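# Commentary on secondary and tertiary structure
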Amino acid sequence: MQNISLTHARFALTVTLLALLVIVLGAYVRLSDAGLGCPDWPGCYGNLIAPTSEVQIASANSAYPAHPVEVEKAWKEMVHRYLAGVLGLATLFLAVLSIRNRNLTGQPHLLIWLLVLVVALQAVLGMWTVTLLVKPAIVTSHLLGGFIVAALLWTLTLRLYSPTLNRYVVSRAGRLLWFSRIGLVVLLLQILLGGWTSTNYATIGCTEFPTCHSGSWWPNMDFSQAFTLWHGTGINYEYGILSAEARTAIHMTHRIGALITAAYLLFLSIYLCRTGRSVITRQLAWAVGILLILQLGLGITNAVSHLPLPVAAAHNGIAVLLLLTLLTLNWQLKRAYRME
């Protein structure tokens, strides 16, 4: 029975890695302006695969005259959908394994079914992303949902592996746990703000660092338009509809959020290293600090280099790794706190 549980844990880890791949690929698709590479859902121009032959392309262009086929973008979108579909099926299989192992102690049934629910919601958001023409509120929700799926899968993996992992004594675990939880909330808010920045094409709302543009520290900005969630339906949001002043306002807000997040997480890392007195806690603190510095470097590069695609995709990948590292820290401190 223990082998079944270990197999379950290993499969959960594999699905978590798949979720990371889907998130990075989703960012790549969005940032390469391929989010509407297929104007329908779940197929592509009425087919299960993207059109490639001249006959298929001519038929697709006739059926969707407002969205002429761009083969490269269509395939990017469909590969992302295929992998997301595999992720959904793998999540359902995790639920099946949970039912099979229901007699084993410590099976996180509620967590698994919450995961299934969130993945189902992600599918709906993916459909709305296309049918509502990449509406920023929907795309941002879809992006955040992907991060939540990865977080739930990683939490599930930790829970399933927990019987084989050692518990570590951490001094002042209760206080450290609260600090770590605050850091997790701060990071999630910054991820949400980063998603809003990306989906409104505001990543290059400022093109200099540390100034914004033309040497200005505080340029003209339109905050009222920048954070309007609903602009109506039937609008094609691809490439954005906001004014330059609104995009600059979003970008500057994201920068301020990055400064606050960086300051708090660096404080948390230093405090953990000085107070944790546990090898695993110090290692996780170092990991948070290193990932944070890397993330800041990627963010600055995005702005000053006009959003190079590999850097922008990596910015999303490091964000999710930072989230999972903080989750691991919270999980470890919670286990230590229960021992006090």
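You'll find the structure just up there.
## Observations regarding the pattern of salt bridges
Within the structure shown, the criterion is met by three salt bridges. Between K76 and E72 there is a salt bridge, with its nearest N and O atoms 3.6 Å apart. Separated by four residues within a single helix, K76 and E72 lie in helix α3 (residues 71-100), roughly one turn from each other. Relative accessible area serves as the criterion here: at 59%, E72 is assigned to the exposed category.

## Thoughts on the state of the cysteines
What the rule picks out here adds up to two disulfides. What pairs with C206 in a disulfide is C212, and their sulfur atoms sit 2.0 Å apart. Looking along the S-S bond of the C206-C212 disulfide, the torsion reads about -85°, which is the left-handed sense. Each of the two residues, C206 as well as C212, counts as buried. Sequence-ordered numbering of the bonded cysteines in the protein chain yields a pairing of 1-2, 3-4.

## Some details on the packing of aromatic side chains
As enumerated under the stated definition, the model contains eight aromatic pairs in all. Seen in terms of ring centroids, Y45 and Y64 are 5.4 Å apart; in terms of plane orientation they differ by 85°. Their pairing is edge-to-face. On the criterion of sequence distance, the pair formed by Y45 in the loop between α1 (2-31) and α2 (54-63) and Y64 in the loop between α2 and α3 is long-range, its members being 19 residues apart. Relative accessible area serves as the criterion here: at 6%, Y45 is assigned to the buried category. Under the relative-accessibility criterion, Y64 is labelled partly exposed at 26%. Ring plane angle 85° and centroid distance 5.7 Å describe the contact between F179 and F267, whose orientation is recorded as edge-to-face. One end of the pair, F179, is in helix α6 (residues 173-199); the other, F267, is in helix α8 (residues 244-275), with 88 residues separating them in the sequence. The exposure class of F179 is partly exposed, given its relative accessible area of 24%. Members of the aromatic cluster, connected to one another through ring pairs, are F179, Y264, F267 and Y271. The cationic tip of K135 hangs over the ring face of W230; the distance from NZ or CZ to the ring centre is 3.9 Å.

## Some details on the nonpolar core
One finds L87, L115, F147, L153, L156, L265 and L326 to be the most contacted residues of the largest nonpolar core, which totals 57 residues. Secondary structure elements with two or more residues in this core: α1, α3, α4 (109-131), α5 (136-161), α6, α8, α9 (279-304) and α10 (309-339). Residue contributions to this core peak at 11 residues, all from α10.

## Observations regarding unusual backbone geometry
For the peptide bond that leads from W41 to P42, omega is 5°, which places it in the cis range. Summarising the element assignment, P42 is placed in the loop between α1 and α2. Of the consecutive residues F209 and P210, the connecting peptide bond is found in the cis state with omega at 5°. By secondary structure assignment, the location of P210 is in the loop between α6 and α7 (223-226). The residue S214 is not glycine, and still its phi comes out positive at about 55°. Tracing the backbone through its elements, the reader meets S214 in the loop between α6 and α7. Judged by relative accessible area, S214 falls into the exposed class, the value being 71%. One non-glycine residue, L307, lies in the positive phi region at around 60°. Along the chain, L307 falls in the loop between α9 and α10.

Reading the values: rules and limits
- Residues numbered from 1 in each chain as written.
- Predicted model: local features only at pLDDT ≥ 70, side-chain atom pairs only at ≥ 80, totals over all residues.
- Heavy atoms only, no water.
- Salt bridge = Lys/Arg side-chain N within 4 Å of Asp/Glu carboxyl O.
- Helix = DSSP H or I, 4+ residues; strand = E, 2+ residues; numbered from the N terminus.
- Buried < 20%, exposed > 50% of the residue type's maximum accessible area, 1.4 Å probe, protein only.
- Disulfide = S-S within 2.5 Å.
- Phe/Tyr/Trp six-rings, centres within 6.5 Å; stacked < 30°, edge-to-face > 60°.
- Lys NZ or Arg CZ within 6 Å of the ring centre and 35° of its normal.
- Core = buried A, V, L, I, M, F, W, Y, C linked by side-chain atoms within 4.5 Å.

Honestly, it's all geometry; don't read function into it.
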